[in-house]
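# Structural characterization, general
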Amino acid sequence: MAKALGEENARGQTDPAAGIVAVMSRAMHSRLRRTEKSVSGRLLHLIFGDKASPAEDETPMHVIAAYGLSGQNKKSGARAQLARALAKGLEDILDNPEYDGHKFIIYADTNAVYSKKDRTSGKFNQYDRAKTALWRVLVNAKYELVDVMNQAYDENPPKTFAPNGIPKSRIDVMFASKSIAGNAKAATGAKLGVLSATHLPLACSFGDEMEVPDQDRSVEATRDAAVVLMATAGGRKWNLSERAGNIYMRDA
């Protein structure tokens, strides 16, 4: 990973921090069946059961986070190999016959766009068209995934990458299986928070049909609470703390 990141750094400096962190409630953790991470920490795959026990599960839910590479139009070198491995890793999950009929929620910092309207310039960058760009997997019709933010904002979603507070592009996306996307509620954060100095967060609710005894259902509103809140922690080192969490949730 350090070698791949160092390829585009003229001074040869490397940054080993390229992983993904997932935080969830104890109730969600109780239904977590399996965790898989691969491609140098750039692909995280969580599988949640939909019943009280693995033996009773009928339609598991897959929550996947993918962290695409910038400059992914390179044809050779460590970065190119990593980009190919990431796209292939996501394809392998979606193509796995073991998961036929399952539901998927995929968050990705693609570091590329699949539509010109997702850049303020109205033009593609060269790497947007790379063969290994993650968006190619996400928009592949055979996977029947829906661009949730595109749907929520009537095909005109906000830009998410905002260096210096100025929105430039929508490289952060959330896709979900067509079977659950129809009832989704979604929003892009209004401003940058403590999680990221450059990326706006995405929040989505897909409802909750899970049946787990220890889940708190005493408050009716919790059934429609946001179940996915994701952000790319670009430009800022962040440690989970009560203060940071409170500030971030207020800002988002």
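Residues numbered from 1 in each chain as written. Predicted model: local features only at pLDDT ≥ 70, side-chain atom pairs only at ≥ 80, totals over all residues. Heavy atoms only, no water.

### A look at the pattern of salt bridges
When charged atoms on two side chains of opposite charge get close, those side chains can pair. The condition is simple: What makes a salt bridge here is a side-chain nitrogen of Lys or Arg within 4 Å of a carboxyl oxygen of Asp or Glu, nothing more. Secondary structure follows DSSP: runs of H or I at least 4 residues long count as helices, runs of E at least 2 residues long count as strands, and numbering of each begins at the N terminus. Buried, partly exposed and exposed residues are distinguished by accessible area as a fraction of the type maximum, computed with a 1.4 Å probe on protein chains only: under 20%, between the cut-offs, and over 50%, respectively.
One pass over the structure, following the stated rule, counts eight salt bridges. A salt bridge links Asp57 to Arg33; the shortest N-O distance between them is 2.7 Å. Remark: Arg33 occurs in strand S1 (residues 32–38) and Asp57 occurs in the loop between strand S2 (43–48) and strand S3 (61–67); sequence separation between them is 24 residues. In this structure, Asp147 and Arg170 form a salt bridge, with 2.8 Å as the shortest nitrogen-oxygen distance. Of this pair, Asp147 sits in strand S5 (residues 145–147) while Arg170 sits in the loop between helix H5 (148–152) and strand S6 (172–177), placing them 23 residues apart in sequence. Assessed through its relative accessible area of 8%, Asp147 is described here as buried.

### A few points about empty space enclosed by the protein
Selection rule: Lining residues are those with an atom within 4 Å of a point, where the points come from a 1 Å grid over the protein atoms alone and group into cavities, where a 1.4 Å probe fits but cannot get out, or pockets, open sets with protein on both sides within 12 Å along at least five of seven lines. Grid points are joined across faces, edges and corners, and a volume is the space filled by probe spheres set on the points.
Taken as a whole, this structure holds one cavity of 30 Å³ or more when the rule is applied. For the largest cavity, the calculated volume is near 40 Å³.

### Examining the confidence of the model for the protein chain
Stated precisely, the cut-off is as follows: Every residue is assigned a pLDDT by the predictor, reflecting its confidence on a scale from 0 to 100. Only heavy atoms matter for contacts: two residues are in contact if any of them lie within 4.5 Å across the pair.
This prediction gives the protein chain a mean pLDDT of 79; 71% of its residues lie at or above 70. Mean pLDDT across the secondary structure elements of the protein chain bottoms out at helix H1 (residues 2–6), with 49, and peaks at S5, with 96. When the criterion is pLDDT under 50, residues 210–226 qualifies, and its contacts beyond four places in sequence or with other chains add up to 28 contacts. When the criterion is pLDDT under 50, residues 248–252 qualifies, and its contacts beyond four places in sequence or with other chains add up to 13 contacts.

### Section: unusual backbone geometry
For Asp154, which is not glycine, the phi torsion reads 50° and is therefore positive. Residue position: Asp154 is located in the loop between H5 and S6. Given the relative accessible area of 70%, Asp154 is considered exposed. Phi angles above zero are rare outside glycine, and Glu155 is one such case at about 65°. As for its placement among the helices and strands, Glu155 is situated in the loop between H5 and S6. Assessed through its relative accessible area of 54%, Glu155 is described here as exposed.

### Here's the deal with the nonpolar core
To keep things clear, this is the line we draw: We call a set of buried residues a nonpolar core when its members are Ala, Val, Leu, Ile, Met, Phe, Trp, Tyr or Cys and they connect through side-chain atoms within 4.5 Å of each other.
The biggest cluster of nonpolar side chains holds 24 residues, and the ones touching the most others in it are Leu43, Leu90, Leu94, Phe104, Ile106, Leu138 and Leu145. Within the residue set of this core, elements represented by two or more residues are S2, S3, helix H3 (78–95), strand S4 (103–109), helix H4 (134–138) and S6. Residue contributions to this core peak at seven residues, all from H3. The residues touching Leu145, leaving out its near neighbours within four places in the chain, are Leu94, Phe104, Ile106, Leu138, Phe175, Ala176 and Ser177.

### A few points about the layout of surface pockets
Cut-off, in case you're wondering: Following the grouping adopted for this structure description, the nonpolar residues are Ala, Val, Leu, Ile, Met, Phe, Trp, Tyr, Cys and Pro, the charged ones are Asp, Glu, Lys and Arg, and the polar ones are all others, Gly among them.
In this structure, the second largest pocket encloses a volume near 250 Å³. Lining the second largest pocket are 15 residues, and of these Gly101, His102, Phe104, Tyr143 and Ser177 lie nearest its centre. At the level of elements, S4 and helix H6 (178–181) are the ones that each hand at least two residues to the lining of the second largest pocket. Across the lining of the second largest pocket, the residue classes break down as five nonpolar, five polar and five charged.

### Here we look at the pairing of S4
This is how it is decided: Note: two strands are recorded as paired if DSSP finds a minimum of 2 bridges between them.
Where burial is concerned, most of S4 is hidden: six out of the seven residues are buried. Both S4 and S6 contribute to a ladder of five bridges, which runs antiparallel. Bridged to Ile105 within S6 is Ala176.

### Structural notes on the sheet that holds S3
As a reminder, the rule being used: A fitted line through C-alpha atoms serves as each axis, taken over the contacting stretch for helices, and the angle formed by two N-to-C directions is quoted from 0 to 180°.
With respect to topology, six strands assemble into an open sheet ordered S1-S2-S3-S4-S6-S5, the strand pairing being mixed. Only two strands of the sheet have a single partner each, and these edge strands are S1 and S5. Direction aside, neighbouring strands of the sheet carry axes that sit 15° apart on average. Two elements, S5 and S6, share three bridges in a ladder whose sense is antiparallel. When the bridges of S6 are listed, Val146 appears paired with Ala176.

### Some thoughts on the packing of aromatic side chains
Convention followed: In this scheme Phe, Tyr and Trp rings, the latter by its six-membered ring, pair at centre separations within 6.5 Å, and the angle between planes marks the pair as stacked below 30 degrees, edge-to-face above 60, and tilted otherwise.
Considering all chains together, one arrives at two aromatic pairs under this definition. Each ring, one from Tyr114 and one from Trp135, has its centre 6.2 Å from the other, and the planes form 35°; the classification is tilted. Of this pair, Tyr114 sits in the loop between S4 and H4 while Trp135 sits in helix H4, and the two are 21 residues apart along the sequence. The class for Trp135 is buried, based on a relative accessible area of 9%. Centre to centre, the rings of Tyr114 and Phe175 are 6.4 Å apart; their planes meet at 55°, and the pair counts as tilted. Remark: Phe175 occurs in strand S6 and Tyr114 occurs in the loop between S4 and H4; sequence separation between them is 61 residues.

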